[in-house]
Amino acid sequence: MAYRKLGSSELRVSVCSFGGANWAAELMGVSHQGLGERRAMIFEMLDLAYARGVTFFDMAEQYPPVYPSITGGGYSEFVFGEWLRVRAIDRDSVVISTKVAGDGGNSSLACRYDVLGRPFAPGEPVPKKAKLSKVQIIDACDASLKRLGVETIDLLETHWPSRYVPKFGETGARYNRALEHAFVSFEEQLDAMAELMAAGKIRAWGVSNETTYGVATFCAMAKLKGLPPPASIQNDYSLCDRRFETELAEACSPLHGDVGLVAYGVLCGGTLAGKYSFGRKPPGEARHKNMPGFQSRYTSAATLKAAEDYEELAKAHGMTVLQLSLAYAYSRPFLATAILGARDPPQLEAQLEALDHVAKITPELCRKIDRVHHVCPNPNYSDTHSQFYPV
């Protein structure tokens, strides 16, 4: 396992990290009786990741979706805290990262305040929608601390911006002025994070699903006000989405903002593991099979065709497309850590083993990867893919 400094923070993180979104998603529809079995599987994966040197674990107050009646919400945080206690894990040996919902999110707000045990007066109802106000950021952090059962969160990120930005594949990543709306100021968000750091509740903070404008503004304003800047940015990055490599890479460079990339979607939800290439239909459980339309950018015709092209390239260089996709991400100098998601230990093991193939990412292979990329750049966001890859 390799370890890298996370942006301007003092945190060192494993280049492979393990994400909690799947821990919760796996519980969709699980009965009360099935929870124990699933929790044991999650513990087994956490044990494997930790034994293989993974130190960075990614969660969010918005993970699940699961049934609140079963888990009380915020399940990824709860189950990780339980694992820490049951396995007696040295707290200083792991980097705990979680996220506060951006404006508009509502899936776990009720449980946020339930965990804090705050009875709201008639004039003070539980907010129906998330908002990155100072009050809500601090409340969310306090609730996450309680679910995790720890005194300090190492990294707290805003899950998406307060202002309008095209995210999660919206509008093909094009900015639409008609969708602009009022938002919480950069200053207020900075003040909230600074207060949490001063109180010892978090060690660093970051952003997610953010743009070059957002990163540059946060960094400039933090410098102007003498406040801690963002140390991380958790954004989509894969062979099928290399948008980070242009303006964002400059803004996040150690020479400028010094913001470390925490990459998610490196396998496009399994598409870059070859699960859906060449007409394959994975047996059993699979994300895009179980939830068609969810994260549709990962299964666009352009993305599916690119995955097939990368699979052929990987074979020619003695790798699977999963190994090529992960090894390429691991080899990028701007990457701090890549979040792995898995349903079971064998899936996680296969992803961890991709580290052994980083040396195969030679300049010659990178040129071949670029040739595939240039046919249809960033196919996750191509709305003209039919001219290249007819459905």
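Predicted, not measured: the structure shown is a model, and the values here were computed from it. (Residues numbered from 1 in each chain as written. Predicted model: local features only at pLDDT ≥ 70, side-chain atom pairs only at ≥ 80, totals over all residues. Heavy atoms only, no water.)

Participant: How should I be thinking about the overall build of the chain in this particular structure?
Facilitator: Looking only at helices and strands, one finds 14 helices and 10 strands in the chain. For the chain, the proportion of its 391 residues judged to be buried stands at 55%. Within the chain, counting contacts between residues at least 6 apart in sequence, those at least 24 apart form 77% of the total. Only carbon and sulfur atoms are counted for the fraction: they give 55% of the accessible area of the chain, which is about 16600 Å². (Helix = DSSP H or I, 4+ residues; strand = E, 2+ residues; numbered from the N terminus. Buried < 20%, exposed > 50% of the residue type's maximum accessible area, 1.4 Å probe, protein only. Contact = heavy atoms within 4.5 Å. Areas by Shrake-Rupley, 256 points an atom, 1.4 Å probe, with all protein chains shown as cover.)

Participant: Would you take a moment to explain helix 5 (residues 109–116) for this structure?
Facilitator: Among all positions in helix 5, only Leu109, Cys111, Arg112, Tyr113 and Leu116 are buried. Where helix 5 is buried, its residues touch strand 5 (95–100) and helix 6 (134–148). One or two steps after helix 5, the chain reaches Gly117, where phi turns positive at roughly 65 degrees.

Participant: Help me out: how do you make sense of the environment of Arg174 in this one?
Facilitator: With respect to the element layout, Arg174 can be found in the loop between strand 6 (153–158) and helix 7 (186–198). The class of Arg174 is partly exposed, set by a relative accessible area of 47%. A C-alpha to C-alpha distance of 9.2 Å links Arg174 and Tyr381, two positions 207 residues apart in sequence.

Participant: Whenever I open this one, the packing of aromatic side chains confuses me. Can you help?
Facilitator: The description of an aromatic ring pair rests on the distance of the ring centres and on the angle between the ring planes. Within the structure shown, the criterion is met by 13 aromatic pairs. Between Phe80 and Trp83, the ring centres sit 5.4 Å apart and the planes meet at 40 degrees, which makes this aromatic pair tilted. Placement of the pair is Phe80 and Trp83 together in helix 4 (residues 75–86), with a separation of three residues, close to one helical turn. Each ring, one from Phe183 and one from Phe186, has its centre 6.3 Å from the other, and the planes form 80 degrees; the classification is edge-to-face. According to the relative accessible area criterion, Phe183 is partly exposed, its value standing at 41%. For Phe186, a relative accessible area of 7% puts it in the buried group. Three or more aromatic residues link up through ring pairs in this structure, and these residues are Phe183, Phe186, Trp205, Tyr213 and Phe218. Across the ring face of Tyr381, the terminal group of Arg243 is positioned such that the distance to the ring centre comes to 3.9 Å. Over the aromatic face of Tyr298 sits the side chain of Arg297, whose NZ or CZ is 4.5 Å from the ring centroid. (Phe/Tyr/Trp six-rings, centres within 6.5 Å; stacked < 30°, edge-to-face > 60°. Lys NZ or Arg CZ within 6 Å of the ring centre and 35° of its normal.)

Participant: I tried to follow unusual backbone geometry on my own but got confused; where do I start?
Facilitator: Glycine aside, a negative phi is what most residues show, and trans is what most peptide bonds show. With a phi angle near 55 degrees, Ala88 is a residue other than glycine that sits in the positive phi range. Topologically, Ala88 is positioned in the loop between helix 4 and strand 5.

Participant: Hey, could you run me through the sheet that holds strand 9 (residues 260–264) in this one?
Facilitator: One key point about sheets: their strands pair by backbone hydrogen bonds, in either a parallel or an antiparallel sense. Taken in spatial order, the eight strands close into a barrel running 3-4-5-6-7-8-9-10, and their pairing is parallel. Adjacent strand axes in the sheet meet at a mean angle of 30 degrees when their direction is disregarded. Here three bridges tie strand 7 (residues 202–208) to strand 8 (residues 232–236), and the two strands are oriented parallel to one another. Bridge pairing in strand 8 places Val207 opposite Ile233. Against the sheet, helix 7 contacts strand 6 and strand 7, and its axis sits at roughly 155 degrees relative to strand 7. (Pairing = 2+ DSSP bridges. Axes fitted to C-alpha atoms, helices over the stretch in contact; angles between N-to-C directions.)

Participant: Help me understand the environment of Phe183, please; the structure alone is not making it clear to me.
Facilitator: Mapped onto the elements, Phe183 comes out in the loop between strand 6 and helix 7. Spatially, the C-alpha atoms of Phe183 and Ser133 are 9.1 Å apart, while their sequence positions differ by 50 residues. If we skip the residues at most four places from it in the chain, Phe183 touches Ser162 and Arg163.

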